[in-house]
Amino acid sequence: MGEEYRLTLAGLQALLDALGARGYHILGPRLRDEAIIYDEVTKLADLPAGWTDRQEAGQYRMERRADNALFGYALGPQAWRRFLQPPRHTLWRARRADPAADDFDILPADTAPPKFAFLGVRACELHAISIQDRILRDNAYADASYTARRAEAFFIAVNCGMAGGTCFCASMGTGPTAQTGYDLALTELLDATRHEFLIRAGSARGAALLAILPHTPANEADRAQEAAILADTAQHMGRTLETNGLKERLQANLEDPHWDEIATRCLSCGNCTMVCPTCFCTTLEDHTNLAGTEAVREQRWDSCFTLDFSYIHGDSVRAGIAARYRHWLTHKLANWVDQFGEMGCVGCGRCLTWCPAAIDITAEAAAIGRATHDQEDQHGNA
Amino acid sequence: MAAHKPRLAVFKFASCDGCQLSLLDCEDEFLALAGAVEIAYFPEASSTMAKGPYDLALVEGSITTAHDAQRILKIRRQSKRLITIGACATAGGIQALRNFADAQEMLASVYASPHYISTLAKSTPIALHVPVDFELPGCPVNKAELLEVLSAFLIGRKPVIGAHSVCMDCKARGTPCVLVQGTPCLGPVTHAGCGAICPAYRRGCYGCFGPMEQPNTASLATVWAKTGATKRDIHRAFRGITAAAPAFAKEGDAHDG
Ligand code: SF4
Ligand code: SF4
Ligand code: SF4
């Protein structure tokens, strides 16, 4: 969509002010606990100017940049999922006057959905949200809470000026440039002579907001600078994943001994699923009060790494860690395709970075079925 | 509806009273509890100590004396349901550090007249002595979890207490992982329940709630070593409040000496 314009730092502040005036609760990157997390942002000074992240499998450190870039980091630990599908929320309550009574009243879960504006959404994250949309919204059993929060949300994408050490969106075709799903998209243009943004609208409401901001048309030099930045990012991915034939190879090698080797390292802690922007599993909890007069049903994030997750009729189907890791990886990279028509991984690299045991989905996916493949290759050559 | 209120009893074995205090700490809810049950026996809170049988017994503390080993048998016989609360009752507690040493030698070094002290060589969890209906870990137990267990008992449902890692609660809370940022943390092998407090304050988990459902302690020890933790650090981490829980005891042993 939209044509490109130039937006100054003052223009970016004007954008925050305009969103605030329209009742949006703006969430964006902030430095906290030595990490980039998403929290309330109202002024440019809230943003992590001059900070970047160094990421490897199982490692994350903040470092100073040589410049004052506002979006000069790759990706923090939290996905936007935590706002669209909160880690825990109440679905409904039930109340009865007397614990002996059979009838009770159902009270709906409170509150209208908050009106969020997300600032600094990366291309991979937009893609992940579109995946969750398909599952949680565009589905015969739509999740009402997700759908309501999603409908209100305003997305300000930021194209990636650098790739992190664990990023592989280029392999997954999901980044580093935001293609769709945003209301406004920014590219940070920063050199010795200027600190500005290239901005384009991706929706009617984005265009309407852009129209009231101080902006000037972009020129060829601006566009060339943006293209160079994004090409450089695409070329410096920390990881790659060969997706050609991957689904078939994984599905054909469910008994590969490498799954057991992974299980010696995997902690079954569930961190990978908790940070993944496409993971959507939840469980329901019913609680009652001491008097037996109130009940509450809550929905909370669940993980396929727990034993409860596959507990059916007396036992857990995926009793060992190997079975659970295999379930997770084959779901993301193979079975998701059968289920939803695309892979469930956008190459954000969070599961690598935030795995305490430094287990790397790209390396493990490449290793599965390799022994068989090598043998077949040898047969082919003979 | 039953004519009488369920009779609750709270018993103490070798422990610091902290878990019973979690119950007293329930304040507002404590009144609701007093309305829902007859508090028949709770010496920490009340001077009335009514005889059994009891509908529900909460047991704090570990078994460390021959006398206590007999006492728990009697309590079990008097209690329809028996729930153990806390690290001592579920894993032997900090006093189970004696299990890895010579208890007599320890006595001799602490007491002037060790022959007055009658104690067992090991501190053991209640479940090693009698069947237990539910074990709630923690040092101390989390009062919200304790209320959940009591509410579940009263209405006759299963308590909603997850046995997953502390990590899942850490992530739900939105805390960046301190282990990935370089601070050793026991969260990946530790039972959730505390609400992932320590990482929220930039400290590694100390393992107060004991082993999670399927702890891969050997892998975590390797991860710790990569952060620069020594063999002794790893040994001492697993020799904490739940040292005698089998998974932690084994990993502690593997890094001994
Ligand atoms: S792959 Fe890593 S993050 Fe995921 S469960 Fe295993 S150890 Fe935890
Ligand atoms: S599987 Fe890993 S790399 Fe892929 S989207 Fe999830 S967290 Fe990101
Ligand atoms: S800080 Fe500790 S408990 Fe939290 S996610 Fe990291 S390893 Fe797990």
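The rules behind each value
Residues numbered from 1 in each chain as written. Chains lettered and ligands numbered in written order. Predicted model: local features only at pLDDT ≥ 70, side-chain atom pairs only at ≥ 80, totals over all residues. Heavy atoms only, no water. Helix = DSSP H or I, 4+ residues; strand = E, 2+ residues; numbered from the N terminus. Buried < 20%, exposed > 50% of the residue type's maximum accessible area, 1.4 Å probe, protein only. Areas by Shrake-Rupley, 256 points an atom, 1.4 Å probe, with all protein chains shown as cover. Lys, Arg positive; Asp, Glu negative; His and termini not counted. Charge placed at Lys NZ, Arg CZ, Asp CG, Glu CD. Phe/Tyr/Trp six-rings, centres within 6.5 Å; stacked < 30°, edge-to-face > 60°. Near = heavy atom within 4 Å. Nonpolar A, V, L, I, M, F, W, Y, C, P; charged D, E, K, R; others polar. Axes fitted to C-alpha atoms, helices over the stretch in contact; angles between N-to-C directions. Parallel < 35°, antiparallel > 145°, perpendicular 65-115°, else oblique. Left-handed = near helix turned anticlockwise from the far one by under 90°. Contact = heavy atoms within 4.5 Å. Buried area = accessible area lost by both parts, 1.4 Å probe. Salt bridge = Lys/Arg side-chain N within 4 Å of Asp/Glu carboxyl O. Polar contact = N/O pair within 3.5 Å; in protein donor to acceptor, adjacent residues only side chain to side chain. Domains from an automatic or database assignment. Pairing = 2+ DSSP bridges. Core = buried A, V, L, I, M, F, W, Y, C linked by side-chain atoms within 4.5 Å.

(A) Summary view of the overall build of chain A. Broken down by element type, chain A carries 14 helices and 16 strands. By principal-axis analysis of the C-alpha atoms, chain A measures approximately 80 × 65 × 35 Å. By residue count, 54% of the 382 residues in chain A fall in the buried class. Surface summary for chain A: the accessible area is close to 16,200 Å², and the carbon and sulfur share equals 52%. Taking the average location of the 37 positive side-chain charges in chain A and that of its 50 negative ones, the two points are 3 Å from each other.

(B) The arrangement of the packing of aromatic side chains in detail. Residue and element names in this part refer to chain A. The final tally for this structure, using the stated rule, is 21 aromatic pairs over all chains. Ring geometry for W80 versus F118: centroids 4.8 Å apart, planes at 35 degrees, classification tilted. With W80 in the loop between β5 (59-64) and α2 (81-84) and F118 in strand β8 (residues 116-121), this pair connects stretches of sequence that are 38 residues apart. Judged by relative accessible area, F118 falls into the buried class, the value being 0%. A centroid spacing of 5.6 Å and a plane angle of 25 degrees characterise the contact between F116 and F118, whose relative ring orientation is stacked.

(C) Quick look at the site of ligand 3. Neighbouring ligand 3 are the residues N271(A), V166(B), C167(B), C170(B), K171(B), C177(B), V178(B), L179(B), C185(B), G187(B), P188(B) and P199(B). With respect to ligand 3, its neighbouring residues span chains A and B. With 4 residues, the single largest contributor to the shell around ligand 3 is helix α7 (residues 166-173) of chain B. Looking at the shell around ligand 3 residue by residue, the class counts come to 9 nonpolar, 2 polar and 1 charged.

(D) Examining the packing of helix α3 (residues 123-137) of chain A against helix α4 (residues 144-152) of chain A more closely. Residue and element names in this part refer to chain A. It is at 9 Å that the axes of α3 and α4 come closest, and there the two elements cross at 140 degrees. As judged from the angle between their axes, α3 and α4 are oblique. The handedness of the crossing between α3 and α4 comes out as left-handed. From α3, I129, Q132, D133, L136 and R137 reach across to α4, where they touch Y146, T147 and R150.

(E) Layout of the interface of chain A and chain B. In this assembly, 50 residues from chain A lie in contact with 36 residues from chain B. At the boundary of chain A with chain B, total buried surface from both sides reaches about 3,200 Å², with 58% on carbon and sulfur atoms. Counting across the interface, chain A meets chain B through 1 salt bridge. Across the salt bridge formed by R202(B) and E34(A), the nearest N and O atoms sit 3.1 Å from each other. For the interface between chain A and chain B, the tally reads 22 residue pairs in polar contact (both at pLDDT 80 or more). If you list the elements that add at least two residues to the side of chain A that touches chain B, you get β3 (35-40), β5, α9 (258-265), α10 (271-275), β13 (282-288), β14 (294-301) and α11 (321-340) of chain A. Top element by residues in the side of chain A that touches chain B is β13(A). It accounts for 4 residues.

(F) Local environment of the domain arrangement of chain A. All names here are of chain A. By the assigned domains, chain A splits into domain 1 (5-235) and domain 2 (246-381). With centres defined by C-alpha atoms, the gap from domain 1 to domain 2 works out at 26 Å. With 45 residues of domain 1 in contact, the opposing surface of domain 2 contributes 41 residues. Summing both partners gives a buried area of about 3,700 Å² for domain 1 against domain 2, and 57% of it is carried by carbon and sulfur. For domain 1, the biggest contributors to the area lost against domain 2 are R81, R88 and F168; these three give 17% of the whole. Connecting domain 1 to domain 2 are 5 salt bridges. As a salt-bridge pair, E294 and R95 come within 3.6 Å of each other at their nearest N and O atoms. There are 30 residue pairs in polar contact (both at pLDDT 80 or more) connecting domain 1 and domain 2.

(G) Just the sheet that holds strand β5 (residues 134-136) of chain B, in detail. All names here are of chain B. Strand order in the open sheet formed by 5 strands is β2-β1-β3-β4-β5, with parallel pairing between adjacent strands. Among the strands making up the open sheet, the edge pair consists of β2 (38-41) and β5. Neighbour-to-neighbour, the strand axes of this sheet turn through a mean angle of 25 degrees, independent of strand direction. Examined bridge by bridge, strand β4 (residues 79-85) and β5 share 3 bridges and lie parallel to one another. By the bridge assignment for β5, T84 is matched with E135.

(H) Inspection of the pattern of salt bridges at higher detail. For the structure on display, the rule yields 39 salt bridges over all chains. Between D67(A) and R65(A) there is a salt bridge, with its nearest N and O atoms 2.6 Å apart.

(I) How the structure looks around the site of ligand 2. All names here are of chain A. The local shell around ligand 2 holds 13 residues, among which C276, C345, C348, G349 and C351 are the closest. Elements that contribute at least two residues to the shell around ligand 2 include exactly α11 and α12 (350-353). By residue class, the composition of the shell around ligand 2 is 9 nonpolar, 2 polar and 2 charged.

(J) Geometry of the nonpolar core. All names here are of chain A. Counting 89 residues, the largest nonpolar core has W328 and L333 as the members making the most contacts within it. Tallying contributions element by element places α11 first for this core, with 7 residues. If we ignore the near neighbours within four places in the chain, the residues touching L333 are M172, L241, L246, K247, L250, M343, C345, I361 and A365. Membership of the second largest hydrophobic core comes to 33 residues, among which are F116, A123, L126 and A128.

(K) Broad picture of the sheet that holds strand β11 (residues 195-201) of chain A. Residues and elements named next belong to chain A. Reading across from one edge, β3-β2-β8-β9-β10-β11-β1-β12 is the order of the 8 strands in this open sheet, with mixed pairing throughout. The strands lining the two open edges of the sheet, one partner per strand, are β3 and β12 (216-217). Pairing between β8 and strand β9 (residues 154-158): 4 bridges, direction parallel. Looking at β9, one finds that V121 is bridged to A157. Most of the contacts of helix α1 (residues 9-21) go to strand β1 (residues 5-8), to which it runs at about 85 degrees, and overall it touches β1, β2 (25-32), β8, β9, β10 (184-190) and β11. Contacting β1, β10 and β11, helix α7 (residues 220-235) crosses the sheet at an angle of about 90 degrees to β10.

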